[in-house]
Amino acid sequence: MMIRSALVGLVLLSSAPALAASRPRYGGELRVAHAGPPEIGEPSLADTPMEAALLGLLTRPVCRVDSGGQVNPTLAREMSRPVPQALRIAMPSAASATAVARAWTRLSSTEAPSPYRALLYPLRGEGRQVTASGSSLDLALAFPWPDLERSLCHPALATPPSPAAGPFSAAGRGVLEAQAGWPEGRPYLDRLALTATDERGLARLWSSRQVQVALGTPPDNDTLTGAALYATYLAYSPRKVPADFRQAVESAIDREDLTRLFVKGPAVPMANLLPPALMPPGSRPRPGAPQGGASRKVTLAYDAALADQRAVAERIQVKLHDQGYTVALEPQSRAALRSRQAKGDFELMLSAFLLPPIPGPALAVVLEAGGRRDLLGVELPPIGALTDAGARDARSRERALVLAPSVPLIPLYAQGLAIRAAPEVTSLALDAQGLPVLEGAWLAPVEASGGGGRP
């Protein structure tokens, strides 16, 4: 099975040598606790690493990119290129193929546009005309895009949860059971027991050994940390704010302090359109504040479900006051934020997106989110024309630097997911997206001993 082969190269946690050499065992219940916002059932709105990890237990995209960059089919049975300009995806059934086609078509519709539709831009019709042929999806490309397979592994391209869409299925409140017919291979675990709590409750459950995996723990030397690809920007409408607004923000905001003092979890400052995980961080001199003018009033919308965004919004409110701005804060639902951003119906907005782990597709999502869809047809074909992956990545980074001043997004910080696991949890892996692959973990017996956490 695919999972068994993946375990060889993806083991991030190991127990004593004798246990590491033992064979994986089927069975058992893994107790998992998580802190953070509630679960979201729509993949294109499950942006945070926590939400994507939880939703990924019940539904998956057609593939997964492992930590080494290899594409592994998950919901799909096989992905192949009959010719360079076409991709064939073999699904387990006609129903699953139709579900994927519908999910992608909805994602790329003009009625409910999503920034993640940029991942489908290289397809003919930009993903609006995806149809299933029996149990297969035959995708034609409008231009060469060697990174298409890795783009399609993004969690936002998953189907809505259904009984056969993920490695586990719901079996009651907080209980998930293994899917025996999961295409990638039956999970080793029989079931997961999930407990939703706050940070204090998570710490209590962990210290009392009531759970074996804690998602969203404060980062320390005892945790695993996924790639910081959840990028947060301050979006602004050039039509509704003064021309010197960007200069005012850049001169007022210290990203290091903002990240260290107001953002929880593993986070890094982000000075470029792409996060440091995709682009080597560079230092830029902070510009001086623009000359003072009349007091200006603006409204800053942010995600009401995210405590981090509320704290950052309040900090921006204070710092911009020194620049002559009176900032009113407006908490909104994520769906409302997406709709307003697509329509340009805002002045300021904190916008956060889970970027794919490849610079080219990540740049496409950022351009879409920044309202520069007009640049996709200009920038993506020259990137896709490069056959060497390193050359594509280098050009994407270069274009991100060049295009930054013309995209109305001010990058702030990027976050990852922190995970803590007990010694008996073996072969817990993180994929390239920074999400845990819990279906590949298994439980090994351990001798009673003091302490808990990563062995």
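Residues numbered from 1 in each chain as written. Predicted model: local features only at pLDDT ≥ 70, side-chain atom pairs only at ≥ 80, totals over all residues. Heavy atoms only, no water.

Caption draft 1: The arrangement of helix α9 (residues 307-321) in detail. The end-to-end C-alpha distance of α9, which contains 15 residues, comes to 21 Å, matching closely the 21 Å that a straight helix rising 1.5 Å per residue would cover. Listing the buried residues of α9 in full gives Asp308, Gln309, Val312, Ala313, Ile316 and Leu320. Projected onto a plane normal to the axis of α9, the buried residues spread over an arc of 125 degrees and lie on a single side. (Helix = DSSP H or I, 4+ residues; strand = E, 2+ residues; numbered from the N terminus. Expected span 1.5 Å × (residues − 1). Buried < 20%, exposed > 50% of the residue type's maximum accessible area, 1.4 Å probe, protein only. Arc of directions from axis to C-beta.)

Caption draft 2: Expanded view of the packing of aromatic side chains. By the definition in use, this model includes five aromatic pairs. Ring geometry for tyrosine 26 versus tyrosine 188: centroids 5.0 Å apart, planes at 45 degrees, classification tilted. One end of the pair, tyrosine 26, is in the loop between α2 (17-20) and β1 (29-35); the other, tyrosine 188, is in the loop between β9 (175-178) and β10 (191-197), and 162 residues separate them in sequence. A relative accessible area of 3% places tyrosine 188 in the buried class. Following the ring pairs from residue to residue traces out a cluster consisting of Tyr121, Phe143 and Trp145. (Phe/Tyr/Trp six-rings, centres within 6.5 Å; stacked < 30°, edge-to-face > 60°.)

Caption draft 3: Geometry of the packing of helix α12 (residues 376-384) against helix α13 (residues 389-403). Running from amino to carboxyl end, α12 crosses α13 at an angle of 155 degrees, the nearest separation of the two axes being 9 Å. As summarised for this structure, α12 and α13 are arranged roughly antiparallel, according to the angle between their axes. Crossing angle aside, the handedness with which α12 passes α13 is right-handed. On α13, the residues touching Glu379, Pro382, Ile383 and Gly384 of α12 are Arg392, Arg395, Ser396, Arg399 and Leu403. Among the residues forming the contact of α12 with α13, the class breakdown is three nonpolar, two polar and four charged. (Axes fitted to C-alpha atoms, helices over the stretch in contact; angles between N-to-C directions. Parallel < 35°, antiparallel > 145°, perpendicular 65-115°, else oblique. Left-handed = near helix turned anticlockwise from the far one by under 90°. Contact = heavy atoms within 4.5 Å. Nonpolar A, V, L, I, M, F, W, Y, C, P; charged D, E, K, R; others polar.)

Caption draft 4: The nonpolar core, seen in detail. With 98 residues, the main nonpolar core has Val62, Ile89, Trp104, Leu152 and Leu192 as its most contacted residues. Broken down by element, the residue count for this core peaks at seven residues, all from helix α11 (residues 359-369). (Core = buried A, V, L, I, M, F, W, Y, C linked by side-chain atoms within 4.5 Å.)

Caption draft 5: Representation of empty space enclosed by the protein in the model. Going through the model one piece at a time under the given rule, you end up with three cavities of 30 Å³ or more. Counted as a void, the largest cavity has a volume near 280 Å³. Along its surface, the largest cavity is lined by 26 residues, and Arg60, Pro61, Pro155, Asp431 and Leu435 are the ones closest to its centre. For the lining of the largest cavity, a count of residues per class yields 18 nonpolar, four polar and four charged. Counting contributing residues, the lining of the largest cavity receives three or more from each of domain 1 (25-59 + 160-226 + 417-445) and domain 2 (66-155). (1 Å grid on protein atoms, 1.4 Å probe; cavity = no way out; pocket = protein on both sides within 12 Å on 5 of 7 lines; lining within 4 Å. Points joined across faces, edges and corners; volume = space filled by probe spheres on them. Domains from an automatic or database assignment.)

Distances and angles like these do not, on their own, reveal function.
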